[in-house]
Amino acid sequence: MVYSQKTSNMNKKTFIIFFLLSLFIVGKSVPTNENSGIIRIDMNKYQRISFDSLVEDLSCIKLKNSSFKYCINLIPYKNNFYIMGASIAGRNVSIYDKSGKSIKEITLPDAILVNSMCIVPELEELWVTSRFKVINKYKLNGTLSKRVSLPFPCATVMPLGRQEFLIYSGGANAPKGNIQGHFMALTDFKSIQKLFLPKIGHREFPFAPYNLYTKDADRLYIFPDNIDTIYSCNFRKREVSPLYALDFHGDFLTKEKQPNGDREMNDIIVNRKYIYNQYSFYQASNKLFFKLTGKREDFCMINLKNHSLCSFDRLFNDFKPNDINPIVGSDGRNLYVLARTKDLLEHYQNIKCTYPSIRKLLSSSSKDEDSWILISIKIK
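Our focus in this paragraph is the overall build of the protein. Helix and strand counts for the protein stand at four helices and 28 strands. A sequence separation of at least 24 residues applies to 54% of the contacts in the protein between residues at least 6 apart. With the model as given, the accessible surface of the protein reaches about 17,200 Å², and the carbon-plus-sulfur share is 48%.

Now the structure itself:
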């Protein structure tokens, strides 16, 4: 069921009215009322497809002088790529131009406590959140301009324009880990204007998912960790409401099912008892993409036009990335994938490469080369 903060005090009739008024709700999937506006998707009923059937075009570049071990996410903006990477020393942000040339590597304060990054187009600034309460503001060339400490928890900032932002608390332990009992809020950083997603679950960890949100021209799409509901934020109305209730038939580890101890959680992960997380959540060409982890390991795609569900296990030419978070960014039309040169060379030893851009790049690469290749995939 999809819960609201007032559900326990409502009868069935009031609950339906609550839906019709489009107030803000959170929870787990069940068959939904036809007037609620929420679309139920049976996650066991999908069309199995080849990822290549979605590809209109593909190009790639080699990133020069990259130091990160794995990628959290990538933001394409104007003529540059902003990549949040991680290594044993913590997280950093690397700036590359469109040819793959390294422009700057930003050494972040509190590197091991960095949560997320975003670009604020209105201000032409790169914002990096850390310590669940600090925003480090950079110019687009990577120069630090100021650090701001917030009076409420914040792991992720989602710019909406007009100097308004959705913020995600990160779900840290109460009482400081939520915003007035909610996971999300609308703010101008002067005051909290609206609250969304009431806090649920008996145990919360400080956590900022790799890909909490993605967007198109009119909306944000939000997929919080351990909640089997995808939300939509209308830019114009500044409202957050559930869009898709994903019915995993009990296989998804929701906040209500969170174990009380680390041993139980370790057992869930090792034995794959549940789908315990999702990564690579991005939108391209009116399609939502995400990758499941745990009991299921497939990629899922929801068509935003007809709400159909597709599944695939591998990417282009049946390439299966070694990284848990293989799709690292999007620009509304293209998905961006990072892969190691040596992994691609190994993959194409016995498989024909049907993409000229990859063939050309690999032909000038050595088998021991460990550089990153950034692959841009235009989705039909």
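What follows picks up the thread again.
Before going further, it helps to examine the pairing of strand β22 (residues 275–284). In summary, the side chains of a regular strand alternate between the two faces of the sheet. Burial analysis of β22 places 10 of its 10 residues in the buried class, the great majority of the element. With seven bridges joining them, β22 and strand β23 (residues 287–294) adopt antiparallel strand pairing. By the bridge assignment, Gln-283 is partnered in β23 with Leu-288. Where β22 hands over to β23, the hairpin turn is made up of two residues, of which Ser-285 adopts a positive phi near 50 degrees.

Quick look at the confidence of the model for the protein now. On average, residues of the protein carry a pLDDT of 87, and 87% of them reach 70 or more. Across residues 1–35, confidence stays below pLDDT 50; counting only partners more than four residues off in sequence or on other chains, it has 65 contacts.

Evaluation of the coordinates by the stated rule reveals 15 aromatic pairs. Through a chain of ring-to-ring contacts, the aromatic side chains of Phe-51, Phe-289, Phe-299 and Phe-312 assemble into a single cluster. Its guanidinium or amino end placed over the ring of Phe-81, Lys-98 lies 4.3 Å from that ring's centre, counting from NZ or CZ. Positioned above the aromatic ring of Phe-299 is the side chain of Lys-291, whose terminal nitrogen or guanidinium carbon lies 6.0 Å from the ring centre.

Further remarks concern helix α4 (residues 356–363). Three or more residues of α4 are buried, namely Ile-358, Leu-361 and Leu-362. The buried residues of α4 occupy one face: seen down the axis, they fall within an arc of 95 degrees. Turned more than 90 degrees from where α4 packs its buried face, Pro-356, Lys-360 and Ser-363 sit exposed. Where α4 is buried, its residues touch β5 (55–62), α3 (341–347) and β28 (372–379).

Calculation criteria
Residues numbered from 1 in each chain as written. Predicted model: local features only at pLDDT ≥ 70, side-chain atom pairs only at ≥ 80, totals over all residues. Heavy atoms only, no water. Helix = DSSP H or I, 4+ residues; strand = E, 2+ residues; numbered from the N terminus. Contact = heavy atoms within 4.5 Å. Areas by Shrake-Rupley, 256 points an atom, 1.4 Å probe, with all protein chains shown as cover. Buried < 20%, exposed > 50% of the residue type's maximum accessible area, 1.4 Å probe, protein only. Pairing = 2+ DSSP bridges. pLDDT = per-residue confidence, 0-100. Phe/Tyr/Trp six-rings, centres within 6.5 Å; stacked < 30°, edge-to-face > 60°. Lys NZ or Arg CZ within 6 Å of the ring centre and 35° of its normal. Arc of directions from axis to C-beta.

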